[in-house]
Amino acid sequence: MVFNKEMARFAVGVIGNFISLVLFLSPLPTFVRIWKKKSVEQFSPAPYLATFVNCGLWVLYGIPLVHPHSILVVTINGTGLAIEVVYLTLFLLYSERNKRMKVSLIIVGEIIFLASLAIIVLTLVQTHKKRSTIVGSICIAGNILMYASPLAVMKLVITSKSVEFMPFFLSLFSVLNGVSWTTYALIRLDAFILVPNSMGTALGLAQLLLYAMYYKSTKRQNAERQAQGEMGLPEKTVSGVAQKKMSNNARI
């Protein structure tokens, strides 16, 4: 029975790793757009800053010196940490100076926090249980922060009635990720994984609800902008032709 439970937990963990990887990669279209336009526009850095520190916390939680037998936690969060470094680098590259400075300071602060926590826990705390409790409790806060980070974007969605700057796949895989890791934590109860991921599932569902509510209005706004752009082009062309004719008449 124990063997079956462990096998089921491992299988769910593998599925959770795959979904988490897709979640980490889901902002790729956003960053392709940023790279092409050479601007971050109104995209918020909050989800990527929150995910960066969250992955760092879970890597620390999953190492054998803190919480043994958590290899799946370490592998996926280590991968996520590397991916977030790439995202944040691109964000800094194409941000305005003021935003770049602000984001840079936050990143430095997060790195100092992670390094300090690791040193304190590994040198001053002697047992696995105490280390797991300390780091796991902080991980709960970090995970909730990651899942709640799109709240600023959700506010923008409500005020603008547009989901243009709230990536759909990021919201969808946040829900799937929350469900998979909640299941993983329930098979062999791990409150540190269960609490934040169950809350993350609820927050992800709220994002999907907003997406459903404002999807049509977003399409309507985009169509109106496109129509205005198409109308403005002939006017500009006609105006240019008129100015050219006037210039020629003046010369005559």
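Residues numbered from 1 in each chain as written. Predicted model: local features only at pLDDT ≥ 70, side-chain atom pairs only at ≥ 80, totals over all residues. Heavy atoms only, no water.

Visitor: Describe helix α3 (residues 46-62), with residues and values.
Guide: With 17 residues, α3 extends 24 Å between its outermost C-alpha atoms, agreeing within 8% with the 24 Å of an ideal straight helix rising 1.5 Å per residue. Counting buried positions along α3 gives 15 out of 17 residues, so the element sits mostly inside the fold. (Helix = DSSP H or I, 4+ residues; strand = E, 2+ residues; numbered from the N terminus. Expected span 1.5 Å × (residues − 1). Buried < 20%, exposed > 50% of the residue type's maximum accessible area, 1.4 Å probe, protein only.)

Visitor: Could you give an account of the pattern of salt bridges, with specific residues and numbers?
Guide: In this structure the tally under the stated criterion is two salt bridges. Between R33 and E41 there is a salt bridge whose closest N-O contact spans 2.8 Å. A network of salt bridges, in which partner residues are shared, links R33, K37 and E41. (Salt bridge = Lys/Arg side-chain N within 4 Å of Asp/Glu carboxyl O.)

Visitor: Just give me the short version of a nonpolar patch on the surface, but keep the residues and values in it.
Guide: A contiguous nonpolar patch, built from L21, L25 and L28 and spanning about 220 Å² of accessible area, is present on the exposed surface. By the element assignment, L21 lies in helix α1 (residues 2-25). Under the relative-accessibility criterion, L21 is labelled partly exposed at 31%. (Patch = residues over 30% accessible without salt bridge, like charges linked within 9 Å, V, L, I, M, F, W, Y side chains within 5 Å. Areas by Shrake-Rupley, 256 points an atom, 1.4 Å probe, with all protein chains shown as cover.)

Visitor: Account for the UniProt feature "transmembrane region" (unreviewed entry) in the protein chain, with residues named and values stated.
Guide: What UniProt calls "transmembrane region" (unreviewed entry) maps, in this numbering, to residues 12-34, 46-65, 71-93, 105-127, 133-153, 165-187 and 193-215. Helix makes up 91% of residues 12-34 and strand 0%, with an end-to-end C-alpha separation of 34 Å. What you have in residues 165-187 is 87% helix and 0% strand, and the ends, taken at the C-alpha atoms, are 36 Å apart. (UniProt positions renumbered as here; feature names shortened; annotations may be inferred.)

Visitor: Can you tell me about unusual backbone geometry, naming the residues and giving the values?
Guide: In this structure, K38 is a non-glycine residue whose phi angle is positive, near 55°. The class for K38 is partly exposed, based on a relative accessible area of 47%. Notably, K161 is not glycine yet its phi reads approximately 55°, a positive angle. Its place among the elements puts K161 in the loop between α7 (151-160) and α8 (168-187).

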